[in-house]
Amino acid sequence: QVQLVESGGGLVQAGGSLRLSCAASGTTFSINTMGWYRQAPGKQRELVASIASGDSTNYADSVKGRFTISRDNAKNTVYLQMNRVKPEDTAVYYCNIRVPYGRQFWGKGTLVTVSS
């Protein structure tokens, strides 16, 4: 059974930094894309950043230049380095992985709260 375990969320002041991690286990397939999504109260879940197996990356415009996504394939782990955070970055952050045959899996989410 595939499990995604997120860590690193918490309370941070505006302008500060936070690093999220997500470790995947239980998959017998190679992981194609790994990504982070977020959902703020009253809003839809949105893509924050993703990284493909070839390390090409994609970012939401709102986080470009502030957040960096990376992955460690040996550990099946994806990271999100969040710098210069803003109050509008407050949300539950979800890890997502995509494997062959159109399957994808989600973590349970980790709360990030940015105080002004």
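This text follows the structure it describes.
Residues numbered from 1 in each chain as written. Predicted model: local features only at pLDDT ≥ 70, side-chain atom pairs only at ≥ 80, totals over all residues. Heavy atoms only, no water.

A. Seen up close, the overall build of the protein. Helices and strands together make up the secondary structure of the protein, namely zero helices and eleven strands. Counting helices and strands in the order they occur from the N terminus, the protein gives β-β-β-β-β-β-β-β-β-β-β. Across its three principal axes, the protein shows a C-alpha extent of roughly 45 × 25 × 25 Å. Relative to its 116 residues, the protein shows a buried fraction of 41%. The contacts in the protein between residues at least 6 apart in sequence include a share of 53% that link residues at least 24 apart. By element, 46% of the accessible surface of the protein is carried by carbon and sulfur atoms, the whole surface being about 6300 Å². Of the side-chain charges in the protein, 13 are positive and 7 negative, and the distance between the mean point of each set is 3 Å. (Helix = DSSP H or I, 4+ residues; strand = E, 2+ residues; numbered from the N terminus. Buried < 20%, exposed > 50% of the residue type's maximum accessible area, 1.4 Å probe, protein only. Contact = heavy atoms within 4.5 Å. Areas by Shrake-Rupley, 256 points an atom, 1.4 Å probe, with all protein chains shown as cover. Lys, Arg positive; Asp, Glu negative; His and termini not counted. Charge placed at Lys NZ, Arg CZ, Asp CG, Glu CD.)

B. The arrangement of the nonpolar core in detail. Trp 36, Leu 80, Met 82, Tyr 93 and Ile 97 are the most contacted members of the largest nonpolar core, which has 31 residues in total. For this core, the secondary structure elements donating two or more residues are β3 (18-25), β4 (33-39), β5 (46-51), β7 (67-72), β8 (77-82), β9 (91-99) and β11 (110-115). In terms of residues, this core owes the most to one element, β9, which gives five residues. In contact with Leu 80, other than residues within four places in its own chain, are Leu 18, Arg 19, Leu 20, Trp 36, Val 48, Ala 49, Phe 67, Thr 68, Ile 69 and Tyr 93. (Core = buried A, V, L, I, M, F, W, Y, C linked by side-chain atoms within 4.5 Å.)

C. The state of the cysteines, seen in detail. Enumeration according to the criterion identifies one disulfide in this entry. There is a disulfide in this structure between Cys 22 and Cys 95, and the S-S distance comes to 2.1 Å. Taking the sign of the torsion about the S-S bond as the criterion, the disulfide between Cys 22 and Cys 95, at about -85°, is left-handed. Taken as a pair, Cys 22 in strand β3 and Cys 95 in strand β9 lie far apart in primary sequence, 73 residues in all. (Disulfide = S-S within 2.5 Å.)

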